[in-house]
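Here is how the chains run, residue by residue.
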Amino acid sequence: MARKKTTADPTGDLAPRPRGHRSLVTKRDLQAYRRRLEAELAELRAQRADLEESTEASLADATGEVGFDEEFADAGSFTFERERDLSLIDRGSFGRCEACGGAVEAERLDALPYATLCLADAQQRVRLR
């Protein structure tokens, strides 16, 4: 099962930012990110439930045993990550780069509300691979 890409703000709360403009994350932005993350978390939980149901039925019929496949593990990982992201908002550390401690650019969070690195640190990690 392919993971759905979240590219736009479904709530329409985030105003488009000018390209190349580094702006700060506002309280309104945080609320919009929270709604996006909560919506994605609900979707992932539903996918996980569907996978659990189909996996249990198909494996039990085929082998008499219950097991887990790669998609189930991925859904669990994604669900955990979204729950972690929501806890960061609650703790007030959302939007902080986990490498340098600086602010993650608002434009980056608009695109990927679960980004944990600022653009410079993300680019540096990609270069190191």
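Everything discussed here concerns the structure shown above.
Since the model is a prediction, treat every value here as computed from it, not as a measurement.

**What to know about the overall build of the protein chain**
Phase 1: Of regular secondary structure, the protein chain possesses four helices and zero strands.
Phase 2: In sequence order, the protein chain lays out its α and β elements as α-α-α-α.
Phase 3: Counting only carbon and sulfur atoms, one obtains 52% of the accessible surface of the protein chain, whose full area is about 8,500 Å².

**Some words on the side chain of Asp110**
Phase 1: For Asp110, the location among the structural elements is in helix α3 (residues 106-111).
Phase 2: For Asp110, a relative accessible area of 15% gives the class buried.
Phase 3: In this structure the side chain of Asp110 is engaged in a polar contact, spanning 2.6 Å, whose partner is the side chain of Tyr33.

**Remarks on the pattern of salt bridges**
Phase 1: Summed over the entire model, instances satisfying the criterion amount to two salt bridges.
Phase 2: Residue Glu38 is joined to Arg34 by a salt bridge in which the shortest nitrogen-to-oxygen separation is 3.6 Å. Pair noted here: Glu38 and Arg34 are both in helix α1 (residues 27-63), with a separation of four residues, about one helical turn.

**Here we look at the nonpolar core**
In summary, soluble globular proteins display a tendency toward joint burial of nonpolar side chains.
Phase 1: Counting residues in each nonpolar core, the largest one holds 15 residues, and the members touching the most others are Tyr33, Leu37, Phe94, Cys97, Val104 and Leu109.
Phase 2: Mapped by element, the contributors of at least two residues to this core are α1, α2 (70-91) and α3.

**Overview of the environment of Thr26**
Phase 1: Position of Thr26 relative to the elements: it lies in the segment before α1.
Phase 2: Overall, Thr26 belongs to the partly exposed group, its relative accessible area being 39%.
Phase 3: For Thr26 and Ala106, which are 80 residues apart along the polypeptide, the C-alpha to C-alpha distance reads 8.8 Å.
Phase 4: A distance of 3.0 Å separates a polar side-chain atom of Thr26 from the backbone nitrogen of Asp29.

What counts and what doesn't
Counting of residues starts from 1 at the beginning of each chain's written sequence and follows it residue by residue. Where totals are concerned, whole chains, interfaces and linings use all residues; where local detail is concerned, this predicted model gives features only for residues with pLDDT of at least 70, and gives and counts side-chain atom pairs only at 80 or more. Only hydrogens and water are set aside when side-chain values are computed; all heavy atoms of the structure are taken into account. What counts as a helix is a DSSP run of H or I of at least four residues, what counts as a strand is a run of E of at least two, and both are numbered from the N terminus. Method for areas: the Shrake-Rupley scheme with a 1.4 Å probe, in which residue coverage is limited to the protein chains shown. In this scheme, a residue with accessible area under 20% of its type's maximum is buried, one over 50% is exposed, and one in between is partly exposed, where area comes from a 1.4 Å probe on protein chains only. Two N or O atoms count as a polar contact when they lie within 3.5 Å, although within protein this holds only if one can serve as hydrogen donor and the other as acceptor, and sequence-adjacent residues are included solely when both atoms are side-chain atoms. What makes a salt bridge here is a side-chain nitrogen of Lys or Arg within 4 Å of a carboxyl oxygen of Asp or Glu, nothing more. Among buried residues, those of type Ala, Val, Leu, Ile, Met, Phe, Trp, Tyr and Cys that are joined through side-chain atoms within 4.5 Å constitute a nonpolar core.

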